[in-house]
Amino acid sequence: MDYLDEEVMQFRKSAKKSKYNSLESGMYIKDEIIHFKEVQVLDDKVSIMLPDTFVDMPQEIAKIKYPSEQRPQVIKMNSNASVNFTFSLYETPLNENQIENALEQFREIILRVNPAFIFYDFVISEEKNLGWFDFKSYGLDEQMYNVMYITPIEGKLMHGIFNCMYKDILEWKDAVQQVMLSIVDLTQEKE
């Protein structure tokens, strides 16, 4: 392929990325348009926009990917399990004033377990009562990009994780932030 062909392909890719750049329009990720739909998780206490092709991770794969018995309660994955979102709701009380401190504690625990992990952003969205940080971890054969996020649901700690291969960070980073910001506490609507 010559230089001009490569430039034309890059231009087309850029045009698709600018046209498909939201959960509503779909997002252009890894050379395909990913559409999103509203999904309810955690006994219908949480609504979130997720890729419409994501499915529940089968238990046999979850046991390999998350070997601890305290694996996430809900794991949604793409077709080859290389990208996933997790959700867990704990009895631990959490309100909007505790998000930053709780998130900092999660980051410290992860850093103690593996000091080689590289941390990037640490974000508190007061508008959405949501906090998250992202980091690079190292698996057996691949570097991973991870985002850990927390928010109060029904006054309790909802904890989630997103991960994909590190080489795909630029493909997924914006989508993940939009997905996290789409979280809705459905228990608040019932009151």
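J.: I'd like a description of the sheet that holds strand S4 (residues 36–41), backed by residues and values.
T.: Across a sheet, strands are paired by hydrogen bonds formed along the backbone, either parallel or antiparallel in direction. Reading across the sheet, the 3 strands line up as S4-S5-S13 and stay open at both edges, with antiparallel pairing between neighbours. Where the open sheet ends on each side, the last strands, each with one partner, are S4 and strand S13 (184–185). As judged from the 6 bridges shared by S4 and strand S5 (residues 46–51), these two strands associate in the antiparallel manner. By the bridge assignment for S5, Lys37 is matched with Leu50. Across the sheet, helix H4 (residues 169–181) is in contact with S4 and S5; its angle to S5 comes to roughly 160°.

J.: Outline the environment of Lys65, supporting the account with residue identities and numerical values.
T.: Topologically, Lys65 is positioned in helix H2 (residues 59–65). Residue Lys65 is classed as partly exposed on the basis of its relative accessible area of 28%. Placed 16 residues apart in sequence, Lys65 and Ala81 show a C-alpha to C-alpha distance of 9.2 Å.

J.: Go over the side chain of Ser47 with me, naming the residues and quoting the values.
T.: Position of Ser47 among the secondary structure elements: in strand S5. Apart from residues no more than four positions distant in its own chain, Ser47 is found in contact with Glu38, Val39, Gln40, Ser182, Ile183, Val184 and Leu186.

J.: Outline the environment of Met180, supporting the account with residue identities and numerical values.
T.: Of note, Met180 is situated in helix H4. As for Met180 and Met148, which are separated by 32 residues in sequence, their C-alpha atoms are 10.0 Å apart. Discounting chain neighbours no more than four positions away, the residues touching Met180 are Leu130, Trp132, Val147 and Tyr149.

J.: Lay out unusual backbone geometry in plain terms, naming residues and giving numbers.
T.: The residue Leu42 is not glycine, and still its phi comes out positive at about 55°. The residue Leu42 is located in the loop between S4 and S5 in this model. Using a relative accessible area of 8% as the deciding quantity, one classes Leu42 as buried. In the Ramachandran plot, Asp43 falls in the positive-phi region, its phi being about 55° despite a non-glycine side chain. Among the structural elements, Asp43 can be located in the loop between S4 and S5. Using a relative accessible area of 70% as the deciding quantity, one classes Asp43 as exposed.

J.: Explain the nonpolar core residue by residue, including any values.
T.: The biggest cluster of nonpolar side chains holds 33 residues, and the ones touching the most others in it are Phe85, Phe87, Tyr149, Met158, Phe162 and Trp172. Those elements that provide at least two residues to this core are strand S2 (26–29), S4, S5, strand S8 (84–93), strand S10 (130–138), strand S11 (143–153), strand S12 (156–165) and H4. Sorting elements by how many residues they give to this core places H4 first, with 6 residues. Residues Leu94, Leu103, Phe117 and Ile161 belong to the second largest nonpolar core, which totals 12 residues.

J.: An account of the pairing of S2 is requested, with residue identities and associated values reported.
T.: The side-chain alternation of S2 yields two buried faces, one formed by Gly26 and Tyr28 and the other by Met27 and Ile29. Sheet topology note: the strand S1 (residues 21–22)/S2 ladder contains 2 bridges and is antiparallel. Its bridge partner lying in S2, Asn21 is registered against Met27. The antiparallel pairing of S1 with S2 creates a hairpin that spans 3 residues between the two strands. Two elements, S2 and strand S3 (residues 32–34), share 3 bridges in a ladder whose sense is antiparallel.

What counts as what
- Residues numbered from 1 in each chain as written.
- Predicted model: local features only at pLDDT ≥ 70, side-chain atom pairs only at ≥ 80, totals over all residues.
- Heavy atoms only, no water.
- Pairing = 2+ DSSP bridges.
- Helix = DSSP H or I, 4+ residues; strand = E, 2+ residues; numbered from the N terminus.
- Contact = heavy atoms within 4.5 Å.
- Axes fitted to C-alpha atoms, helices over the stretch in contact; angles between N-to-C directions.
- Buried < 20%, exposed > 50% of the residue type's maximum accessible area, 1.4 Å probe, protein only.
- Core = buried A, V, L, I, M, F, W, Y, C linked by side-chain atoms within 4.5 Å.

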